Amino acid sequence: MTGLTVPTQDVVGLRKLSEGAPERRDRSGGPAQSPGRRIGRIAMYIALIVAAVGLLLPFFWMVMSSLKSPNEVFSVPVKWFPETVIWANYIDIWTETNMLVWIRNTLLLAVVVTFLQVLTGSFAAYGFAKMRFPGRDVLFLVYIGTIAVPWQSYMIPQFILLSNIKVSNTLWAIILIQAFGAFGVFLMKQYYETIPEELSEAARLDGLSEYGIWRRIMLPLSIPALASLTLLTFVGTWNDYLGPLIYLRNPDLWTIQLGLKSFVSNLYDTNYALLFAGLTISIIPIALIFLAGQKYFVEGIATSGMKG
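Residues numbered from 1 in each chain as written. Predicted model: local features only at pLDDT ≥ 70, side-chain atom pairs only at ≥ 80, totals over all residues. Heavy atoms only, no water.

Caption draft 1: The arrangement of the environment of L221 in detail. If you trace the backbone, L221 turns up in helix α10 (residues 210-221). We classify L221 as partly exposed; its relative accessible area is 40%. The spatial distance from the C-alpha of L221 to the C-alpha of Y192 is 8.8 Å, given a sequence separation of 29 residues. In this structure L221 touches Y191, I195 and L199, once residues within four positions along its chain are discounted. (Helix = DSSP H or I, 4+ residues; strand = E, 2+ residues; numbered from the N terminus. Buried < 20%, exposed > 50% of the residue type's maximum accessible area, 1.4 Å probe, protein only. Contact = heavy atoms within 4.5 Å.)

Caption draft 2: Up close: empty space enclosed by the protein. Applying the stated criterion across every chain yields a total of 1 cavity of 30 Å³ or more. Approximately 40 Å³ is the volume attributed to the largest cavity. In terms of lining, the largest cavity is formed by T106, L109, I174, Q178, T237, W238, D240, P244, T255 and Q257. Mapped by element, the contributors of at least two residues to the lining of the largest cavity are α4 (99-130), α7 (171-178) and α11 (223-238). (1 Å grid on protein atoms, 1.4 Å probe; cavity = no way out; pocket = protein on both sides within 12 Å on 5 of 7 lines; lining within 4 Å. Points joined across faces, edges and corners; volume = space filled by probe spheres on them.)

Caption draft 3: Up close: the environment of S222. Structurally, the position occupied by S222 is in the loop between α10 and α11. For the pair formed by S222 and Y192, sequence separation is 30 residues and the distance between their alpha carbons is 7.4 Å. Each residue touching S222, except ones within four places of it in the same chain, is listed here: M188, Y191, Y192 and I195. Polar side-chain contacts of S222 include one of 2.6 Å to the backbone oxygen of M218. (Polar contact = N/O pair within 3.5 Å; in protein donor to acceptor, adjacent residues only side chain to side chain.)

So this is what it looks like as structure tokens:
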């Protein structure tokens, strides 16, 4: 080919200088880190590991104590591991208590309350996020403002009201006071606002009602937020102690928290090994649910804070 010349070494060198030196990368393929940044990253990991150990240490001690003898639980100095593993504690907690009844009541309340909160919270949030009506923003602020009102301030009037309608000392009392939650509305509204309005407008043009838009468009697109609300509500209801303590006086209606508390008669006459076995059993459902939904939980919490 005529009229073409091969670039000399000087021209090639100038081109490399104009393009800049290639970015240094470490063995993992990422940009190379300075020594100070690397030390800071290692220090951060060490701090996170220490914090994780500090959080998990009480749970580890509880699980290990559930396998000890009663006299070995509070021995001095502390024994982290049992000298003899006593698996019979997990059998005795079922045979010597109403553990099955307590778990049944707790599970029933957690499932029903979670379903109602997710249903009412997502439906109300759709109205606040996607519909236009006079006083919408003011009503939303007033409703969300109830989060700042402590339950203790209206606990007595609420108890009198539920007693007058004859639902006190029933599971319905717990269901009614927890079926609606402002936090769920706030969480779902923030997530709905990240969904483009064009989807709703297109659905309205196709003749879909507002109920249909909520059910067929909003809910399928809001799985992460729904999973987050489900997990938070289920855990909160499962761990609730004050509500059942106030409204559930019949031992057949006790939740697992009330049942285990009644198991503690006094400081010196309690089989704490058996108690810790019951506590370990009580956290298993929460751990399984969190492990199953942690991906959606993190995504839902992160996305609900975004808008636009």
